[in-house]
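Chain by chain, the residues:
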Amino acid sequence: MSKVLRKPAEFRQACEDARAAQRHVGLVPTMGALHDGHFSLIDEAKSRADFIALTLFVNPLQFAPGEDLTRYPRTFESDLAGCRERGVDVVFAPEPGAMYSPEFQTGVSVKGISEPLEGGFRPSHFDGVTTVVTKLFNLAGPCIAMFGRKDYQQWKVLSRMALDLDMPIEVVGCPIIREDDGLALSSRNRYLSTSDRTRALGIVAGLRQAFDAWEHGEREPDVLRSLAEEPVRGAFDRLDYVAAVDPETLAAPSPSPRRILIAVAAHLGTTRLIDNVVLGEDARP
Ligand code: PAF
């Protein structure tokens, strides 16, 4: 039976009580609209911890004006049912005012790794993410925290932040979960019309082209990048980026790389999708 907590102090207390009872806290931060990708994070948390805390908060700080904050799907009752089915112990679902008082004036910012890719197109986004996740980490206390690798850069930024700020948190990046046809699960997929859902497969086609070329020995980042870009450019209305970068630094890959991250962000109408594959590590998308 997942207990719903609305107040930060209650959430802090629940995690403290769990630790006092010798339980290991597994944290799953989400913005709700839960799907099988989130459920895989819960499963992973359950395999590594025995007190599972899922947070459900659409964080206004990480949306720029004009982004989809107001239309972001809010599906609390079905999210809660999903958490209960999967044995989540507590669901922390605060109101925005409980997280950000009118006097709130603090931000947490990671430089370097947050600047390319998403950082170039959503300049205030990661500051919003790192600030809210710092608050969640502070409330949860020592724990293991799960993030999906669809938001690959977010995972890297949060790992950096936890290390740099000596946070007692183990940050884990969990594999992307895909539909049978390869489309990465995302809360934003529900915005897609049937025809846009088909066009979205352009990203999968691009990642697969790069993946297959890598498997056949291609190692030139520019070639891999163009192979990934071609189907996306054909199917999507607008491209933010298709990048071939080092998976650790997100900068240009070294010569003869052993792994390359291909990362894509593109728009179908008003819906922005992101996806990625780490060549040399991940399975074929
Ligand atoms: O990945 C998300 O859902 C959000 O960015 C996160 C990590 C929950 C912070 O609001």
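Here, the structure is the one placed above.
What you are looking at is a predicted structure, and each value in this text was computed from that prediction instead of being measured. (Residues numbered from 1 in each chain as written. Predicted model: local features only at pLDDT ≥ 70, side-chain atom pairs only at ≥ 80, totals over all residues. Heavy atoms only, no water.)

Caption draft 1: Seen up close, the overall build of the protein chain. In terms of regular secondary structure, the protein chain is built from 10 helices and nine strands. A compact globule built from 285 residues should have a C-alpha radius of gyration of about 19 Å, and the protein chain, at 19 Å, falls within 12% of that. Taking the principal axes of its C-alpha atoms as reference, the protein chain extends roughly 55 × 40 × 35 Å. Considering only contacts within the protein chain whose residues lie at least 6 apart along the sequence, 72% involve residues at least 24 apart. Charged side chains in the protein chain number 33 positive and 40 negative. The centres of these two groups are separated by 2 Å. (Helix = DSSP H or I, 4+ residues; strand = E, 2+ residues; numbered from the N terminus. Rg over C-alpha atoms; globule rule 2.2 N^0.38 Å. Contact = heavy atoms within 4.5 Å. Lys, Arg positive; Asp, Glu negative; His and termini not counted. Charge placed at Lys NZ, Arg CZ, Asp CG, Glu CD.)

Caption draft 2: Structural detail: the layout of surface pockets. Empty space within the second largest pocket amounts to approximately 270 Å³. Around the second largest pocket, the lining is made up of 18 residues, and of these Leu56, Phe57, Val58, Arg74 and Pro94 lie nearest the centre. The class makeup of the residues in the lining of the second largest pocket is 12 nonpolar, two polar and four charged. (1 Å grid on protein atoms, 1.4 Å probe; cavity = no way out; pocket = protein on both sides within 12 Å on 5 of 7 lines; lining within 4 Å. Points joined across faces, edges and corners; volume = space filled by probe spheres on them. Nonpolar A, V, L, I, M, F, W, Y, C, P; charged D, E, K, R; others polar.)

Caption draft 3: Focus on the site of the ligand. The environment of the ligand is made up of Pro29, Thr30, Met31, Asn59, Gln62, Val132, Val133, Phe147 and Gln154. In the environment of the ligand, an oxygen atom lies 2.6 Å from a nitrogen or oxygen atom belonging to the side chain of Gln62. Residue Gln154 places a side-chain N or O atom 2.7 Å away from an oxygen atom belonging to the ligand. When the ligand sits alone it has 290 Å² of accessible area, and the protein chains cover 89% of it. (Near = heavy atom within 4 Å. Polar contact = N/O pair within 3.5 Å; in protein donor to acceptor, adjacent residues only side chain to side chain. Areas by Shrake-Rupley, 256 points an atom, 1.4 Å probe, with all protein chains shown as cover.)

Caption draft 4: Highlighting the environment of Ala64. Its place among the elements puts Ala64 in the loop between β3 (51-56) and α3 (76-85). Judged by its relative accessible area of 23%, Ala64 falls in the partly exposed class. Sequence separation of Ala64 and Arg284 is 220 residues, and the distance between their C-alpha atoms is 33 Å. (Buried < 20%, exposed > 50% of the residue type's maximum accessible area, 1.4 Å probe, protein only.)

Caption draft 5: Spotlight on the packing of aromatic side chains. The final tally for this structure, using the stated rule, is seven aromatic pairs. Three or more aromatic residues link up through ring pairs in this structure, and these residues are Phe57, Tyr100 and Phe104. The ring of Phe39 carries Arg86 above its face, with NZ or CZ at 3.5 Å from the centroid. Stacked on the ring of Trp155, the Lys or Arg Lys156 has its end atom at 4.2 Å from the ring centre. (Phe/Tyr/Trp six-rings, centres within 6.5 Å; stacked < 30°, edge-to-face > 60°. Lys NZ or Arg CZ within 6 Å of the ring centre and 35° of its normal.)

Nothing here speaks to function; it is all geometry.
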